[in-house]
Structure formats: C-alpha cells, structure tokens
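# Results of the structural survey
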Amino acid sequence: MFALSINEEKILLDEGDLSLTPDESTIRWYHFDGEMSEAREWLFSLKGPDLDSINVLSDDFTRPRLFITENDELILTLRGIGFGEQQGMELISLRAWMTSNVLITVSRYPIPAIEAAQKKLCKKAKGISLPHHILWLVCEQLVTDITNDIDTKDETVDSLENTWESDHTLDIDTLTLVRLDMSKLRRFLLPQLEAFQKLSLVILEQFSTEKENAVCAARWREICNSTHRDLEVITEMKERVTILKEGLEQRMNRAMNRIMYLLSVVAAFFLPLTFIASLLGMNVKGIPGNEHPWAFFSVCGVMLIVSLFQLLLFKRWKWFG
C-alpha cells in the first residue's frame, strides 16, 4: 500500500498519509495489494469511489473491461503478470479508478508492473502531470511484462521443435504446460485489447488536453499494437504446438499400428497350427493313424509344410512390410 503525490514534477511517496484531498495542482496515485475484503475497507476509508465503484474494484473475479460511471470516473480492470498463491507466474487482476487528479489501483497480489512504474516515477516524473499519464505508464509495463513472458514461452516452443527435429521426442509435460499458458493468455488478452482500444478513445475524449492529444494517441496506439502483436504470436505458437502434438500422435499411432499388425500376423500364422493341435488333442478314440508308429512325425511334417506355405503366402501378400 502506498500513496504517491506529484506536484510540479516533484515526487512524494507516503505509506501513511492516504487522505484523498489533493489540490488541483497535485495528482495522487494510491495503490493497495492484498485480500479484497481488506481492499474494500481501504477504499471506503478513502471516501472517494462510490459504492458501485468499490464493488467493482473489490470483486474477486474480474475480466478485462472498462466503463465510465455517472460521475465521469473511469473504472478499468486488466490482467498483468504476477505471483499468486501457487508461487508461479500468473495473470493477476489489476483494477483502476481514475478521476481528473486521482488514480487508485488495487490488486490481490503484488504485480511487478506496479513496482516498476513506481520506481520510474520516483526517478523521473518529467511529463507526468495527469493521472492518465501514470495509468499509461502502468499499462505499458503490464504489456511489456506479458510480451516478455510470451517470448519466454516462444523460446520453449523453439526448444521443443529442435528436440523433435533431432530425435523425434517431446517432453509431454512441457508441451501441455505451454498449451495451457497460451490458452489462458489468449482468454484474457482478447478482452484486454478491446479495453485498451476503448481506453484510448475515452482518455482522448475526456481526460487528455488538446495540446497532448497527438502524443497521447501515439502512446495508447502503441500499447494496442503491442497487445495485438502478442495475440498474433500466441496464435502462431498455438499452431506450432498443434503441429508438434499432431506429429507426436502420428508417430505413436504408427508405432501402435505396427505392433497390432505384427500381433495379427503372429496370430494368423499360428491359427492353423493351433487348430491341428486342438484337433489332435481331443480325448477320443478312432483317430486315423492313432496306432501307427510314424503318426506323430507325420503330423509334425504336415504342420511344417503348412507353416512354410503360410510363410511364402504372407511374403507374397507383403504382410511383413
């Protein structure tokens, strides 16, 4: 939790003073990360957002979206790379509430993009004179983190492809994990792109000045383009992973078909011999040649002839490949 004030390009970071009373020459950024029940109490203590806004900002389940309240306040929910309960990289929900001089952001877990944006502002606040400048800085860092994560997954897919080309083996667990991550990213990036596109229009119409419209439009256009490129990369990675999966399935199917084929050939080869053995093994009297001393060898000779005949026949039919 922190409160960051910017007045004439001077930064004041305060973790104690969270009063929502900046003057017109000061912009203020408040951030809270923690349980949503605690975030709800914290938002009430600020006495800024109304009840409907607080309900949206403290909702446990959110998807990227944007809307404007009756008081012309901007409410935005996004997804960013962070560390959740499973101690791994996750897409954490980031909620934002913005007026003409106040920006409030809330997340359940720490998001690296928030810390990075805060450090950038503390080092240099030049050009930051309105809350939407801070929001742009945060969104830019969110997109950068997501792009870096996608690049890492792209390198993983490259490694899987190289392994497949070299020895036709694949790490199934890694392949499955990449597919799940891409599905999750695509699920949230599609509405996030729509939210960014709508956000750029809203900021140009309601929050930006005529003097900075061109720069502001270029900034948000680049964020939208970067998100669109990320979606294209995810789509391409999905196709590459699908090709690897299909190649592995084809290889496994060929191996399985080969095994079943050999088993069928062996079964067909021994079928006549099994029939003869079963016939002669019946516990009945009166079998022709039962008392003849050469009866056993005669049967063995017949079985050998049948086997050789089958072998030649199978080779002629090319059943052995």
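Residues numbered from 1 in each chain as written. Predicted model: local features only at pLDDT ≥ 70, side-chain atom pairs only at ≥ 80, totals over all residues. Heavy atoms only, no water.

## Things to note about the nonpolar core
The biggest cluster of nonpolar side chains holds 59 residues, and the ones touching the most others in it are Trp29, Leu74, Leu76, Leu135, Phe196, Leu199 and Trp220. Residue assignment for this core shows that the elements contributing at least two residues are β1 (2–7), β3 (26–33), β5 (74–83), β6 (89–98), α3 (112–123), α4 (131–167), α5 (172–207) and α6 (213–280). What Leu199 contacts, discounting residues up to four positions off in sequence, is Leu66, Leu74, Leu76, Leu135, Cys139 and Trp220. In terms of nonpolar packing, the next biggest core, distinct from the first, is built from 16 residues, Tyr30, Leu46, Trp97 and Val102 among them. (Core = buried A, V, L, I, M, F, W, Y, C linked by side-chain atoms within 4.5 Å. Buried < 20%, exposed > 50% of the residue type's maximum accessible area, 1.4 Å probe, protein only. Helix = DSSP H or I, 4+ residues; strand = E, 2+ residues; numbered from the N terminus. Contact = heavy atoms within 4.5 Å.)

## Side note on unusual backbone geometry
In this model, Asp72 sits at a positive phi of 60°, which is unusual for a non-glycine residue. By the secondary structure assignment, Asp72 is in the loop between β4 (65–68) and β5. Taking the relative accessible area as the measure of exposure, Asp72 reaches 48% and is therefore partly exposed. Positive phi is not limited to glycine here, since His168 has a value of about 55°. Residue position: His168 is located in the loop between α4 and α5.

## Notes on the confidence of the model for the protein chain
Residues at a pLDDT of 70 or more form 86% of the protein chain, whose mean pLDDT is 82. Mean pLDDT across the secondary structure elements of the protein chain bottoms out at strand β2 (residues 10–14), with 57, and peaks at α4, with 91. (pLDDT = per-residue confidence, 0-100.)

## Details of α5
The end-to-end C-alpha distance of α5 is 49 Å, a good match for the 52 Å that 36 residues give at a rise of 1.5 Å each. Where α5 begins, one side-chain oxygen reaches toward the backbone nitrogen of Asp173, 3.2 Å away; that side chain belongs to Asp171. (Expected span 1.5 Å × (residues − 1). Polar contact = N/O pair within 3.5 Å; in protein donor to acceptor, adjacent residues only side chain to side chain.)

## Considerations on the pairing of strand β7 (residues 102–107)
Among the six residues that make up β7, six are buried, leaving the element largely enclosed by the rest of the structure. Residues of β7 alternate between two faces, with Val102, Ile104 and Val106 on one and Leu103, Thr105 and Ser107 on the opposite face, all of them buried. Note that β3 and β7 share six bridges and pair parallel. Across the sheet, the residue bridging to Asp33 is Ser107, located in β7. (Pairing = 2+ DSSP bridges.)

## Observations regarding the packing of aromatic side chains
Taken as a whole and judged by the stated rule, the model has one aromatic pair. The ring of Phe188 carries Arg79 above its face, with NZ or CZ at 4.1 Å from the centroid. The ring of Trp136 carries Arg219 above its face, with NZ or CZ at 4.3 Å from the centroid. (Phe/Tyr/Trp six-rings, centres within 6.5 Å; stacked < 30°, edge-to-face > 60°. Lys NZ or Arg CZ within 6 Å of the ring centre and 35° of its normal.)

## Observations regarding a nonpolar patch on the surface
On the surface, a cluster of nonpolar side chains totalling about 400 Å² of accessible area is made up of Met256, Ile259, Met260 and Leu263. Tracing the backbone shows Leu263 in helix α6. (Patch = residues over 30% accessible without salt bridge, like charges linked within 9 Å, V, L, I, M, F, W, Y side chains within 5 Å. Areas by Shrake-Rupley, 256 points an atom, 1.4 Å probe, with all protein chains shown as cover. Salt bridge = Lys/Arg side-chain N within 4 Å of Asp/Glu carboxyl O.)

## Digging into the state of the cysteines
Summed over the entire model, instances satisfying the criterion amount to zero disulfides. As a non-bridged cysteine, Cys224 has Cys139 as the owner of its nearest cysteine sulfur, 9.6 Å distant. By relative accessible area, Cys224 is classed as buried at 10%. (Disulfide = S-S within 2.5 Å.)

## Let's talk about the side chain of Arg95
Inspection of the secondary structure assignment puts Arg95 in strand β6. Here Arg95 falls in the buried class, since its relative accessible area comes to 2%. At 2.9 Å, the side chain of Arg95 forms a polar contact with the backbone oxygen of Leu57. Residues in contact with Arg95, not counting those within four places in the same chain, are Met36, Val56, Leu57, Ser58, Asp59, Asp60, Thr62, Leu76, Thr77, Ile104, Thr105 and Val106.

## Some thoughts on the packing of α4 against α5
The axes of two packed helices give the description: the angle between them and the distance between them. Where α4 meets α5, the closest approach of the two axes is 11 Å, and the angle between their N-to-C directions is 155°. Relative to α5, the element α4 is oriented roughly antiparallel. Of the two elements, α4 crosses α5, and the hand of that crossing is left-handed. Contact with α4, carried on its side by His132, Leu135, Cys139, Val143, Ile146, Asp149, Ile150, Lys153, Thr156, Val157 and Leu160, involves Thr174, Leu175, Val178, Asp181, Leu185, Leu189, Gln192, Phe196, Leu199, Ile203 and Phe207 of α5 and no other residues of that element. (Axes fitted to C-alpha atoms, helices over the stretch in contact; angles between N-to-C directions. Parallel < 35°, antiparallel > 145°, perpendicular 65-115°, else oblique. Left-handed = near helix turned anticlockwise from the far one by under 90°.)

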